[in-house]
Amino acid sequence: MATAALLPTIRAISPLREMGAYEALWAEPKASFKSLAERFREFPDRLPSDFVSEHQTAYFTQLVLQMLRESGVMQFGIRVHRAGEYPKKLRDAEDPVELLYYRGWWDLVDTPSVAVVGTRQPSQQAIKNTTRLVRMLVSDGYSIASGLAMGIDTAAHNAAINSGGKTIAVIGTPINQVYPKKNSDLQEMIARDYLLISQVPVFRYSQQTYTRNRTFFPERNKTMSALTEATVIIEAGPTSGTLIQARAALAQNRKLFILDSSFRNPELEWPREFESRGAIRVRTYDDIRKNLSLHVHQNR
Amino acid sequence: MFTKIDELHLPDHYHLDGSDACYFIGEYTAGRGFAHSDTNQFIYNLKKSVDRRGLPEYRHKEAAIVQAGRVLRSSLNPEFIRRGTFVPIPPSCAEDDPLYDDRIAEVIRAIAPQIDVRKLIRQVVSTPGAHLVQNRPGPRQLYENYQIDESLAFPTPSAIAIVDDVLTTGAHYKAIQRILQERFPGVPVSGLFLARRVPNTE
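Everything in this summary refers to the structure shown in the same document. Bear in mind that the values here come from a model prediction, so they are computed numbers and not experimental data.

## Focus on the overall build of chain B
The helix and strand tally for chain B stands at six helices and eight strands. Reading the helices (α) and strands (β) of chain B from amino to carboxyl end gives β-β-α-α-α-β-α-β-β-α-β-β-α-β. Against the 2.2 N^0.38 benchmark of 17 Å for 202 residues, chain B shows a C-alpha radius of gyration of 16 Å, consistent with a compact globule. If one aligns the C-alpha atoms of chain B with their principal axes, the spans along those axes are about 45 × 35 × 35 Å. Out of the 202 residues belonging to chain B, those deemed buried represent 52%. A separation of at least 24 residues holds for 73% of the contacts in chain B among residues at least 6 apart in sequence. Carbon and sulfur atoms make up 50% of the accessible area of chain B, which totals about 9600 Å². Taken together, the 24 basic and 25 acidic charged side chains of chain B have centroids lying 2 Å from each other.

Here it is, written out as structure tokens:
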């Protein structure tokens, strides 16, 4: 050790290297968010690069950087657990993500935010409800998070933008991919002017079929819930991925709001199920407002 | 834990390049105010003007200095704390100015009592804070306004860390790095920052 250079830090996180290591971990065939979270639970002081060889880390760093650049993603950011500005609120998730990719304005993560989500095949009324609700949330000072899917998600992002608010897209594809393709422009706009977040590994995604990659969608719902203080479900069928987020919201101690229209639909059992576990039935906007932080603070 | 400035951060600090060994703890979001994040609150407290001295609010500044010392101590190499030389980036107001703020040197002293902190860099003329002037000076202009305080140059440092609270463009760091490398050839120079500044959406 006597000849080693005197370095100011014992170790410092290089987000780019951690990205390479995360991608390498995901390149292992059995990797899942659950299996990764288990590894980090077992070794809570470790970083992704502690599980991967120097060589592998360097290889995947370069590979993924190149993949991102080739798809036109020149600027992006990384959040890694244990480095500054990793959102502590993510740790409320059952299997918290160790690393996130983002594009756009990270400061939106620290603004009060509400997730507005729902079915990909909404009724006209549901779209109207989304737009109206988002407008009110925006005027109350909330940023609107959603998942950039068809239907309610798209309506929520658009309503936030059109009413002069801020929006966060937590997507189920890597930051260099879009699903559905129809939302390419919207995704680019969000990445440029707002905030786009993904936990999905770039390399692994490029190696899998669409069917395998679909499993990433519900995972992002758990992250979206953890990043926000509440989730509002506008409309969702009994098998909708939205219900994954509903479950996560309650498990993470987040507020869960379900619009009254879902309760009035005789075919749906889930609204009452969630209500019995703590979800709030929304008859008027005030049912939401009075349960959110900005209202509580104002009236303290 | 420190994060090392890498390629992903460089666009925010355009005077730095990939060869600079710069480290930071948190991210300070410009223009977002005190309450925006823990890091913002911390930096606001630390930068609280010295003309508030004696007022109750001033304890927030003192607490922030202690906290900064603690965070740095737990993130630094203990061997470097013993043997490295810490050079604060000089504040914009000179020592005879009533608004002279010695906070960076105080932060360094809060790391460990015996630490080698040296105010090696002096300004030839006092400058207004970078945020107060229209055209921020580049590394070259800053360099021309800096000189080494020769009374503090001995013994020759074995390694130098330039310390500041917020890394912005990197201009001050580059200017000081240059003057130190000229004066102490071969001595490694790195940069330690409590936060790096990131832009905000507004």
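## A look at the interface of chain A and chain B
Between chain A and chain B, the residue contacts involve 30 residues of the former and 35 residues of the latter. With both sides pooled, the region where chain A packs onto chain B buries about 2600 Å², and carbon together with sulfur makes up 59% of that total. Among the residues chain A hides against chain B, the three largest losses belong to Leu6, Pro8 and Asp107 of chain A. Together they make up 27% of the total. Our count for the contact surface shared by chain A and chain B stands at four salt bridges. Residue Arg69 of chain A pairs with Glu7 of chain B through a salt bridge whose shortest N-O separation is 3.3 Å. There are twelve residue pairs in polar contact (both at pLDDT 80 or more) connecting chain A and chain B. Counted by class, the side of chain A that touches chain B contains 15 nonpolar, five polar and ten charged residues. Here strand β1 (residues 12–13) of chain A pairs with strand β1 (residues 2–4) of chain B via two bridges, running parallel.

## Digging into the packing of helix α1 (residues 15–27) of chain A against helix α2 (residues 33–42) of chain A
All names here are of chain A. The contact between α1 and α2 brings their axes to 10 Å, and the two run at 120°. The angle between α1 and α2 places the two elements in the oblique class. Here α1 runs over α2; the crossing is right-handed. Here Tyr22, Leu25 and Trp26 of α1 come into contact with α2, specifically with Phe33, Leu36, Arg39 and Phe40. Classifying every residue of the contact of α1 with α2 by side-chain character gives six nonpolar, no polar and one charged.

## Describing the sheet that holds β1 of chain A
Ordered by their spatial adjacency, seven strands build an open sheet running β1(A)-β1(B)-β2(B)-β8(B)-β7(B)-β3(B)-β4(B), and the pairing between neighbours is mixed. In this open sheet, the two edge strands, each paired with only one partner strand, are β1 of chain A together with β4 (116–117) of chain B. Lying over the sheet, helix α1 (residues 38–47) of chain B contacts β2 (22–29), β7 (160–167) and β8 (189–198) of chain B, oriented at roughly 100° with respect to β2 of chain B.

## Thoughts on the packing of helix α5 (residues 152–162) of chain A against helix α6 (residues 184–193) of chain A
All names here are of chain A. Closest axis-to-axis distance for the α5/α6 pair is 12 Å, and the angle between their directions is 50°. With respect to α6, the axis of α5 lies oblique. Here α5 and α6 pass one another in a crossing that is left-handed. Along the contact surface, α5 presents Thr154, His157, Asn158 and Ile161, while α6 presents Leu186, Met189 and Ile190. Class assignment of the residues belonging to the contact of α5 with α6 gives a composition of four nonpolar, three polar and no charged.

## Some remarks on the pairing of strand β6 (residues 167–171) of chain A
Residue and element names in this part refer to chain A. The buried fraction of β6 is high, at five of five residues. Here three bridges tie strand β5 (residues 143–146) to β6, and the two strands are oriented parallel to one another. Residue pairing for β6: Ser146 is matched across the bridge by Ala169. For the handedness criterion, the β-α-β arrangement of β5, α5 and β6 is classed as right-handed. Between the parallel elements β6 and strand β7 (residues 195–198), the chain passes through α6 in a crossover that is right-handed.

## Regarding the sheet that holds strand β10 (residues 280–282) of chain A
Neighbouring strands of a sheet are bound in pairs by backbone hydrogen bonds; such pairs are parallel or else antiparallel. All names here are of chain A. The strand order across the open sheet built from nine strands is β2-β3-β7-β6-β5-β4-β8-β9-β10, with neighbouring strands paired in mixed fashion. Looking at strand neighbours, the two that pair on one side only are β2 (77–80) and β10, the edges of this open sheet. For this sheet, the mean angle separating the axes of adjacent strands, direction not counted, is 25°. Relative to β10, strand β9 (residues 255–259) runs parallel, the two sharing three bridges. Following the sheet pairing, Phe257 is matched in β10 by Ile280. Most of the contacts of α1 go to strand β3 (residues 99–104), to which it runs at about 125°, and overall it touches β2 and β3. Contacting β4 (113–117), β5, β8 (230–233) and β9, helix α4 (residues 124–139) runs over the sheet at an angle of about 180° to β4.

## Structural notes on α2 of chain A
Residue and element names in this part refer to chain A. Within the span of α2, buried status applies to Phe33, Leu36, Ala37 and Phe40. For α2, the angular spread of buried residues about the axis comes to 100°, placing them on one side. Turning to α2, the residues buried within the fold contact α1 and α9 (216–227).

Reading the values: rules and limits
Within every chain, residues take consecutive numbers counted from 1 along the sequence as written. Chains and ligands are labelled sequentially in the order written, the chains with letters from A and the ligands with numbers from 1. Whole-chain, interface and lining totals are the exception, using all residues; otherwise, since this is a predicted model, local features are given only for residues with pLDDT of at least 70 and side-chain atom pairs are given and counted only at 80 or more. Where side-chain values are given, they derive from all heavy atoms of the structure, hydrogens and water being excluded. Numbering of helices and strands runs from the N terminus, with a helix taken as a DSSP run of H or I at least four residues long and a strand as a DSSP run of E at least two residues long. Note that the radius of gyration is over C-alpha atoms, with the globule rule given as 2.2 Å times the number of residues to the power 0.38. Relative accessibility decides the category of a residue: with a 1.4 Å probe and only protein chains considered, values under 20% of the type maximum give buried, values over 50% give exposed, and everything between is partly exposed. Working rule for contacts: check all heavy atoms of both residues, and any pair within 4.5 Å makes them a contact. Working definition of accessibility: Shrake-Rupley area with a 1.4 Å probe, residue cover restricted to the visible protein chains. The charge count includes Lys and Arg as positive and Asp and Glu as negative, but it does not include His or the ends of the chains. Just so you know, the charge point we use is NZ for Lys, CZ for Arg, CG for Asp and CD for Glu. Buried surface area refers to the total accessible area, computed with a probe of radius 1.4 Å, that the two partners give up upon joining, counted for both partners together. Salt bridge criterion: a side-chain nitrogen from Lys or Arg within 4 Å of a carboxyl oxygen from Asp or Glu. Here a polar contact is recorded for every N or O atom pair within 3.5 Å, except that within protein the pair must consist of a potential hydrogen donor and a potential acceptor, and residues adjacent in sequence are included only if both atoms are side-chain atoms. We call Asp, Glu, Lys and Arg charged. Ala, Val, Leu, Ile, Met, Phe, Trp, Tyr, Cys and Pro are nonpolar, and the rest, Gly among them, are polar. Strands qualify as paired when DSSP identifies two bridges or more between them. The convention used is that axes are lines fitted to C-alpha atoms, helices contributing only their stretch in contact, and that angles between N-to-C directions extend from 0 to 180 degrees. Here roughly perpendicular refers to angles of 65 to 115 degrees, roughly parallel to angles under 35, roughly antiparallel to angles over 145, and oblique to all remaining angles. Crossing handedness is read from the near helix: turned anticlockwise from the far helix by less than a right angle, it gives a left-handed crossing, and turned clockwise, a right-handed one. Here the term right-handed applies to a crossover when the path leading from its first strand over the helix to its second strand runs clockwise, the strands being oriented away from the viewer. Taking the helix axis as origin, the arc is that swept by the directions to the C-beta atoms.

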